[in-house]
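Chain by chain, the residues:
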Amino acid sequence: MNTKNPDKVVIVGGGTAGWMTASYLKKAFGDRLSVTLVESGKIGTVGVGEATFSDIRHFFEFLDLKEEDWMPACNATYKLAVRFQDWQRPGHHFYHPFEQMRSVDGFSMTDWWLQDGPTDRFDRDCFVMASLCDAGRSPRYLNGSLLRQEFDERAEEPAGLTMSEHQGRTQFPYAYHFEAALLAKFLTGYSTDRGVQHIIDEVQEVKLDEHGWISHIVTKGHGDISGDLYIDCTGFRGVLLNQALGVPFISYQGTLPNDSAVALQVPLDMKTRGIPPYTQATAQEAGWIWTIPLFGRIGTGYVYAKDYCSPEEAERTLREFVGPEAADVEANHIRMRIGRSEQSWKNNCVAIGLSSGFVEPLESTGIFFIHHAIEQLVKHFPGADWHPQLRAGYNSAVSNVMDGVREFLVLHYKGAGRNDTQYWKDTKTRAIPDALADRIERWQVQLPDSENVFPYYHGLPPYSYMAILLGTGAIELRPSPALGLADSTAAQKEFAAIRDKAQFLVDTLPSQYEYFAAMQKLP
Ligand SMILES: Cc1cc2nc3c(=O)[nH]c(=O)nc-3n(C[C@H](O)[C@H](O)[C@H](O)COP(=O)(O)OP(=O)(O)OC[C@H]3O[C@@H](n4cnc5c(N)ncnc54)[C@H](O)[C@@H]3O)c2cc1C
Ligand SMILES: N[C@H](Cc1c[nH]c2cc(Cl)ccc12)C(=O)O
């Protein structure tokens, strides 16, 4: 352990986590912080097609990057929602959108919908976005203006807030899909242009001092490398935090059994196929298949539990799902470590990315975890005394985010109407976190609100829980008794307003393909 102000950071790992961290720290601290990134030229990154939270825009804004600077380089597209296909029953779908839930007379539109919804599609009745997704629309007009102005007159968001400070203020209407490997490449250029030292080499040993702090790392070709603060971005291996410092890993597998994935990157003709403005999660016999539309191809993969499905069976299912375009594409099989490190920051080592923790990508939370961890690291950055309260604050913020997201994901399976295979039957009998079981009982009579969801910041607003509860369909929900006595005229007017706004937007917005074709001046 040293006692000077930490001003030399060594990052190990050059995946999404490593490069997002390097670029953010450099932007935050400039030349006052030296940043070195060491990545192996042999050990690959996870790098599958990636879907995100809308909050990721704050990351790009922080780096002073505009969409036109990075999106074309990463084959990026817009994401308005996650579309859940066949989770309630075959042929059924619903959306979890980026759209704040409206309220009338103190009750959310989903409360009113349970009492007296106009159709059997809660998502289309309560959210404008569901209709835009069904119609394949872009969230921007061809002149670049954003649809938000069409239905939200609230003032622009203030700049300089963290994600947790933004929550509950406004809801930005879209997130992004992009190729993770291309983003890492783009951020490599961004970071090295601003002074990050980039070393391609393998870390063979991590040396500790007599207090158990990292004194230096030993590389194959560049000898010893030392810093004050070490950031472990080595993915599922957790080379520094788990292996060298011995921090235990808390598995979530008992409640989230999916531990494997097989992925394909499939080129497709977007002109004939279009570019759907959503991530799709299609329920399968032993898990679900993601479809992420990128510019020029799709990223797709089957997330499954190996206790219920072999890798060969999973690959066969995925290839049949995609069709003939997947025939010559090589499959990438991935084992996933599900859970989180007991603490993500120990002594002078902070793990960010898969080494810190990971849950299956059903709600696209991997990059959100990274972004959140980086913001928290800057907020809790150590001084010369390495005050333990800064570390403790960081560790509880990071653990809470992952524990909260775990609850949210478990809800998807507990709530799924699907019950046709052993895998889905077991989702109804498997133990779930006690607190979630209590919350579900409460939600059956009082829909999620800020008072009764997981009590710490974890990125997901109460309306996200409403969307999953109503969309998955197996948990019986009752309308509030108060609404049986209330006058529903204003609520019916609001349902009509949502329908009219959705129709207007569907009629006036371009398709997502038209939008990107125009941006990239394609014929
Ligand atoms: C199947 C799947 C689907 C996913 N989908 C999404 C999604 O849609 N949205 C989302 O937000 N997130 C998603 N994620 C999560 C996301 O991919 C990761 O959070 C993200 O890629 C970060 O990975 P990483 O940088 O932590 O690790 P990795 O990509 O594994 O990178 C690890 C790095 O460490 C280096 N390294 C390892 N050991 C050494 C060593 N000894 N010496 C030097 N270097 C070393 C490697 O070379 C590599 O550069 C998904 C993950 C999986 C598994
Ligand atoms: N922090 C929020 C989280 C959020 C709100 N709505 C959605 C919808 C989907 Cl599909 C994922 C995350 C969220 C944000 O990103 O805006």
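Residues numbered from 1 in each chain as written. Chains lettered and ligands numbered in written order. Predicted model: local features only at pLDDT ≥ 70, side-chain atom pairs only at ≥ 80, totals over all residues.

Chemist: Report on the overall build of the protein chain, specifying residues and quantitative values.
Modeler: Along its length, the protein chain carries 20 helices and 24 strands. Relative to the globule expectation of 24 Å for 523 residues, the C-alpha radius of gyration of the protein chain, 23 Å, shows essentially globular dimensions. Each of the three principal axes of the protein chain carries a C-alpha extent, and together these read 70 × 55 × 50 Å. (Helix = DSSP H or I, 4+ residues; strand = E, 2+ residues; numbered from the N terminus. Rg over C-alpha atoms; globule rule 2.2 N^0.38 Å.)

Chemist: Tell me about unusual backbone geometry, and please be specific about residues and values.
Modeler: In terms of backbone geometry, most residues other than glycine have negative phi values and most peptide bonds are trans. Phi at asparagine 75 takes a positive value of approximately 50°, unusual for a residue other than glycine. Position of asparagine 75 relative to the elements: it lies in the loop between helix H3 (67–70) and strand S4 (77–79). Taking the C-beta count within 10 Å as the criterion, asparagine 75 has 19 such neighbours and is therefore assigned partly exposed. Phi at serine 364 takes a positive value of approximately 55°, unusual for a residue other than glycine. Take serine 364: it is sitting in the loop between strand S24 (357–358) and helix H13 (366–379). (Buried ≥ 20, exposed ≤ 12 C-beta atoms within 10 Å, placed from the backbone.)

Chemist: Please give an account of the UniProt feature "binding site: 7-chloro-L-tryptophan" (unreviewed entry) in the protein chain that cites residues and values.
Modeler: As recorded in UniProt, the feature "binding site: 7-chloro-L-tryptophan" (unreviewed entry) lies at Lys79. Positionally, lysine 79 belongs in strand S4. Among the residues examined, lysine 79 registers 27 C-beta atoms within 10 Å and is labelled buried. Those residues in contact with lysine 79 that sit more than four places away from it in its chain are Ala51, Tyr174, Ala175, Tyr176, His177, Pro277, Tyr278 and Thr279. (UniProt positions renumbered as here; feature names shortened; annotations may be inferred. Contact = placed C-beta atoms within 7 Å.)

Chemist: Tell me about the site of ligand 1, residues and numbers included.
Modeler: In the region of ligand 1, 38 residues are neighbours, and Gly13, Gly15, Gly235, Gly353 and Gly366 sit closest. Listed by contribution, the elements that provide at least two residues to the shell around ligand 1 are helix H1 (16–29), strand S2 (34–39), strand S3 (49–51), strand S16 (260–267) and H13. Within the shell around ligand 1, the residues separate by chemical class into 19 nonpolar, 15 polar and four charged. (Near = placed C-beta within 6 Å. Nonpolar A, V, L, I, M, F, W, Y, C, P; charged D, E, K, R; others polar.)

Chemist: Summarise the confidence of the model for the protein chain; cite the residues concerned and give the values.
Modeler: A low pLDDT means the predicted coordinates there should not be read in detail. When pLDDT is averaged along the protein chain, the result is 95, and 96% of the positions lie at 70 or above. The complex model carries a pTM of 0.97, and its ipTM stands at 0.99. (pLDDT = per-residue confidence, 0-100.)

Chemist: Go over the sheet that holds strand S6 (residues 93–97) with me, naming the residues and quoting the values.
Modeler: Ordered by their spatial adjacency, seven strands build an open sheet running S6-S5-S17-S18-S19-S16-S20, and the pairing between neighbours is mixed. Every other strand in the sheet has two partners, leaving S6 and strand S20 (332–335) as the edge strands with one partner each. Each strand of the sheet is rotated relative to its neighbour by a mean of 20°, with strand direction disregarded. Alignment of S16 against S20, held across four bridges, turns out to be antiparallel. Paired with serine 260 across the strands is arginine 335, a residue of S20. Docked against the sheet, helix H12 (residues 311–322) engages S16, strand S17 (278–284), strand S18 (287–294), strand S19 (297–304) and S20, running at close to 30° with respect to S16. (Pairing = 2+ DSSP bridges. Axes fitted to C-alpha atoms, helices over the stretch in contact; angles between N-to-C directions.)

Chemist: Give me the lowdown on the domain arrangement of the protein chain, citing residues and values where you can.
Modeler: With domains assigned, the protein chain is organised as domain 1 (1–50 + 181–252 + 337–386) and domain 2 (260–335). One C-alpha centre belongs to domain 1, the other to domain 2, and the line joining them spans 30 Å. Contacts between the two partners involve seven residues from domain 1, matched on the other side by 12 residues from domain 2. (Domains from an automatic or database assignment.)

Chemist: Lay out the UniProt feature "binding site: L-tryptophan" (unreviewed entry) in the protein chain in plain terms, naming residues and giving numbers.
Modeler: Using the residue numbers shown here, the UniProt feature "binding site: L-tryptophan" (unreviewed entry) corresponds to Glu363. Relative to the elements of secondary structure, glutamate 363 occurs in the loop between S24 and H13. You can call glutamate 363 buried: it has 22 C-beta atoms within 10 Å.

Chemist: Before we move on, could you go through the environment of leucine 477 and cite the residues and values that matter?
Modeler: Position of leucine 477 relative to the elements: it lies in the loop between helix H17 (462–472) and helix H18 (481–485). Residues in contact with leucine 477, not counting those within four places in the same chain, are Leu114, Gln444 and Leu469.

Chemist: Can you break down the sheet that holds S2 residue by residue, with the values?
Modeler: Overall, mixed pairing links the six strands, which are arranged S10-S2-S1-S14-S23-S22 in an open sheet. The strands lining the two open edges of the sheet, one partner per strand, are strand S10 (197–200) and strand S22 (345–346).

Chemist: Account for the packing of H1 against helix H9 (residues 180–193), naming residues and giving values.
Modeler: One way to put it is that H1 packs onto H9 with a least axis distance of 9 Å and a crossing angle of 30°. Comparing their axes, H9 and H1 come out roughly parallel. Crossing of H1 over H9 shows left-handed handedness. In this structure, H1 contributes Thr16, Trp19, Met20, Ala22, Ser23 and Lys26 to the contact, and H9 contributes Ala180, Leu183, Ala184, Leu187, Thr188, Tyr190 and Ser191. Residues belonging to the contact of H1 with H9 are distributed by class as follows: eight nonpolar, four polar and one charged. (Parallel < 35°, antiparallel > 145°, perpendicular 65-115°, else oblique. Left-handed = near helix turned anticlockwise from the far one by under 90°.)

Chemist: Residue-level account of the pairing of strand S11 (residues 203–208), with values.
Modeler: Note: S11 against strand S12 (residues 214–219), five bridges, orientation antiparallel. The residue of S12 that forms the bridge with lysine 207 is histidine 216. Two successive antiparallel strands, S11 and S12, enclose a turn made up of five residues, where glycine 212 displays a positive phi of approximately 85°.

Chemist: Let's hear about the site of ligand 2: which residues, and what values?
Modeler: Neighbouring ligand 2 are 16 residues, the closest being Phe53, Ser54, Asp55, Val82 and His96. Taken together, the residues of the shell around ligand 2 sort by class into eight nonpolar, six polar and two charged.

Chemist: Would you mind going over the packing of H1 against H13 in detail, with residue names and values included?
Modeler: Between H1 and H13, the least distance of the axes is 10 Å, while the angle of their chain directions is 30°. One finds that H1 runs roughly parallel with respect to H13. Considering only the axes of H1 and H13, their crossing is right-handed. Residue-level inspection shows Thr16, Ala17, Met20, Thr21, Tyr24 and Ala28 of H1 in contact with H13, the latter providing Ile367, Ile370, His371, Ile374 and Val378.

Chemist: Could you give an account of the nonpolar core, naming the residues involved and the relevant values?
Modeler: Judged by nonpolar contacts, the single largest core of 148 residues is most densely connected at Ile11, Val12, Leu80, Tyr95, Met129, Leu240 and Ile352. Of the residues forming this core, the biggest block, 11 residues, is contributed by helix H14 (residues 388–415). The residues that make up this core include at least three from each of domain 1 (1–50 + 181–252 + 337–386) and domain 2 (260–335). When residues no more than four places from it in sequence are discounted, the contact partners of isoleucine 11 are Gly18, Thr21, Ala22, Val35, Leu37, Ile231 and Cys233. (Core = buried A, V, L, I, M, F, W, Y, C linked by C-beta atoms within 7 Å.)

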